[in-house]
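Structural characterization, general
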Amino acid sequence: MTSAPAEPAAASLSKSELQAQIVPGLQAHLPPDAVLWTAEDTVPYECDGLTAYRERPLAVVLPETEAQVQAVLKACHARGIPVVARGAGTGLSGGAMPHALGVTLSLARFNRILKIDPLARTATVQCGVRNLAISEAAAPHGLYYAPDPSSQIACTIGGNVAENSGGVHCLKYGLTLHNVLRVRGFTAAGEPVEFGSEALDAAGLDLLAVLVGSEGMLAVATEVTVRLVPRPQLARCIMASFDDVRRAGDAVAAVIAAGIIPAGLEMMDKPMTAAVEDFVHAGYDLAAEAILLCESDGTPQEVQEEIGRMEAVLRACGATAITVSADEAERLRFWSGRKNAFPASGRISPDYMCMDSTIPRARLADILLAIQGMEKKYGLRCANVFHAGDGNLHPLILFDANDPDQLRRCELFGADILETSVAMGGTVTGEHGVGVEKLNSMCVQFSPEERAQMLGVKHAFDERGLLNPGKVIPTLQRCAEYGKMLVRGGRLAHPELPRF
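Residues numbered from 1 in each chain as written. Predicted model: local features only at pLDDT ≥ 70, side-chain atom pairs only at ≥ 80, totals over all residues. Heavy atoms only, no water.

**Considerations on the overall build of the protein chain**
When helices and strands are counted, the protein chain shows 17 helices and 19 strands. Here the protein chain has a C-alpha radius of gyration of 23 Å; the compact-globule value for 500 residues is 23 Å, and the two agree. A burial count over the protein chain gives 55% of its 500 residues as buried. Within the protein chain, residue pairs in contact and separated by at least 24 positions form 72% of the contacts whose partners lie at least 6 positions apart. A total of about 19700 Å² of accessible surface is found on the protein chain, and carbon and sulfur atoms cover 54% of it. Each charge sign in the protein chain was given a centre, from 44 positive and 58 negative side chains, and these centres are 1 Å apart. (Helix = DSSP H or I, 4+ residues; strand = E, 2+ residues; numbered from the N terminus. Rg over C-alpha atoms; globule rule 2.2 N^0.38 Å. Buried < 20%, exposed > 50% of the residue type's maximum accessible area, 1.4 Å probe, protein only. Contact = heavy atoms within 4.5 Å. Areas by Shrake-Rupley, 256 points an atom, 1.4 Å probe, with all protein chains shown as cover. Lys, Arg positive; Asp, Glu negative; His and termini not counted. Charge placed at Lys NZ, Arg CZ, Asp CG, Glu CD.)

**What to know about the pairing of strand S6 (residues 122–126)**
Among the 5 residues of S6, 5 are classified as buried, and the element is accordingly described as predominantly covered. Neither face of S6 is open: one carries Thr-122, Thr-124 and Gln-126, the other Ala-123 and Val-125, and all of them are buried. In sequence, strand S5 (residues 113–117) turns back onto S6 through a hairpin of 4 residues, with Arg-121 there showing a positive phi of about 55 degrees. Taken together, the 5 bridges between S6 and strand S10 (residues 220–227) define a ladder with antiparallel strand orientation. Each bridged residue has a counterpart across the sheet, and for Gln-126 the counterpart in S10 is Glu-223. (Pairing = 2+ DSSP bridges.)

**What about the packing of aromatic side chains?**
In this structure the tally under the stated criterion is 4 aromatic pairs. When the ring of Tyr-144 is compared with that of Tyr-173, the centres are 6.4 Å apart and the planes differ by 75 degrees; the resulting orientation is edge-to-face. Here the residue Tyr-144 occupies a position in strand S7 (residues 143–144), and Tyr-173 occupies one in helix H6 (residues 170–173), the gap between them amounting to 29 residues. Here the two residues Tyr-144 and Tyr-173 agree in accessibility, since each one is buried. (Phe/Tyr/Trp six-rings, centres within 6.5 Å; stacked < 30°, edge-to-face > 60°.)

**Some remarks on unusual backbone geometry**
One non-glycine residue, Arg-121, lies in the positive phi region at around 55 degrees. Topologically, Arg-121 is positioned in the loop between S5 and S6. A positive phi angle, close to 60 degrees, is found at Glu-215, a residue other than glycine. Considering the arrangement of structural elements, one finds Glu-215 in the loop between helix H7 (208–211) and S10. With relative accessibility at 7%, the residue Glu-215 sits in the buried group.

**Overview of the confidence of the model for the protein chain**
Per-residue pLDDT for the protein chain averages 94, and the proportion of residues at 70 or more is 95%. This stretch, residues 1–7, has a pLDDT under 50; its non-local contacts, to residues over four places away or in other chains, come to 14 contacts. (pLDDT = per-residue confidence, 0-100.)

**Comments concerning the pattern of salt bridges**
Close approach of charged atoms allows side chains with opposite charge to pair. One pass over the full model with this rule turns up 27 salt bridges. We note a salt bridge from Arg-182 to Glu-194, for which the minimum N-O separation is 3.5 Å. Placement of the pair is Arg-182 in strand S8 (residues 180–186) and Glu-194 in strand S9 (residues 192–196), with a sequence separation of 12 residues. A residue is classified by how much of its surface remains accessible, and Arg-182, at 7% relative accessible area, is buried. A relative accessible area of 45% means that Glu-194 is categorised as partly exposed. For Asp-366, the salt bridge identified is with Arg-246, shortest N-O distance 2.7 Å. Separated by 120 residues along the polypeptide, Asp-366 in helix H13 (residues 364–378) and Arg-246 in helix H8 (residues 245–257) bring together distant segments of the chain. Among the residues examined, Arg-246 registers a relative accessible area of 33% and is labelled partly exposed. (Salt bridge = Lys/Arg side-chain N within 4 Å of Asp/Glu carboxyl O.)

Put into structure tokens, the structure is as follows:
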């Protein structure tokens, strides 16, 4: 059985000794302002969007060229120093949290759009280009980049590749994996590598599918070629209200069962609609227990026919009110609430932890009702927003990180949601990744043999385990300790699941 990668050789030295060793080596390859190593300069990089967990790295480097990235990787590899690649830091699972004895490789300066090819419908961009910037650059050609995570105004395409990000329109247009053609970058040892191709297929194994969603553990991406799609002639959105979460959940399954694939199909519960309505005034029905946003796009004839079919299904499932956007401004207003769910939650709570699991669509109501029970169990509030069309949940647990007991209860609450999702036939993550947040839950979903195979893939790309170590794939020891903790705490909510 494959074991976890060995601890980096540099781990035997103190932090100050490592800094004294690596900083001059990095400064030899980078401009003076591109190497940060004092506490004051590295604090801004100590976490990503998961602010509950923080760590300061040995140094932060901000290269501007691929040659500089390669030099950094070679210097760190030669000294056995871990490297954590970072984009905009909008991730929500701690995937970009620094390694205490490692270097954070910020790719924020890789922000150029290299080529828009309207005939091939592709865009080639550097990894630090913002998701939304691709669509803005393609707009004059009537094209756009379809995956649209809620953080698209800030998140980078390199981070999207690392996490296989989705968004509200992924049901029809697919995740990052389905919209990326080629990724160029470097291995942990600084060797150039390219995955996929701009052609319809690439020779050899489909390693692009392995890289996308690998959370920075296999290679560092520097350049990405993505598919562009024509902007639809028309898009209209239905806002449907339900007085019962089960009816709303059943309606989601019924829409898909009717053979309809909406451009977007989102669900929000009452606490979430109240939070976002107070923030952006999207026009949501505050009396509803849950609302659905169902979008159709295409030609005017296609949209009219599909909207009519969806309305009929929603009414048959018990919708208490249905509003169809009258124009583009109203459609964007409906979506503004969904897109601002996270900042709206930040207005009503000092902190929140956004979970990310996936379940079969037919179990949406079951998981919502289970979460309501967990709110009482852990004494914390939870607001819910779902990519309902593909069963991807985003419960936002509200807490105060300054209270250690609230943080502890929040962690238990989150683990309970993930493990309940697995028990319902789902997975512990949909698009946010595992990072450090879901390490324990990986012990529950995957057997030791399965985790060993995952480590084997990492070992094939990164033999010394230097890229983003200590994340995504838990060790056998960690899983054994987690299993013992659950037994001691009497918290085996799903005793049929753990396979530590």
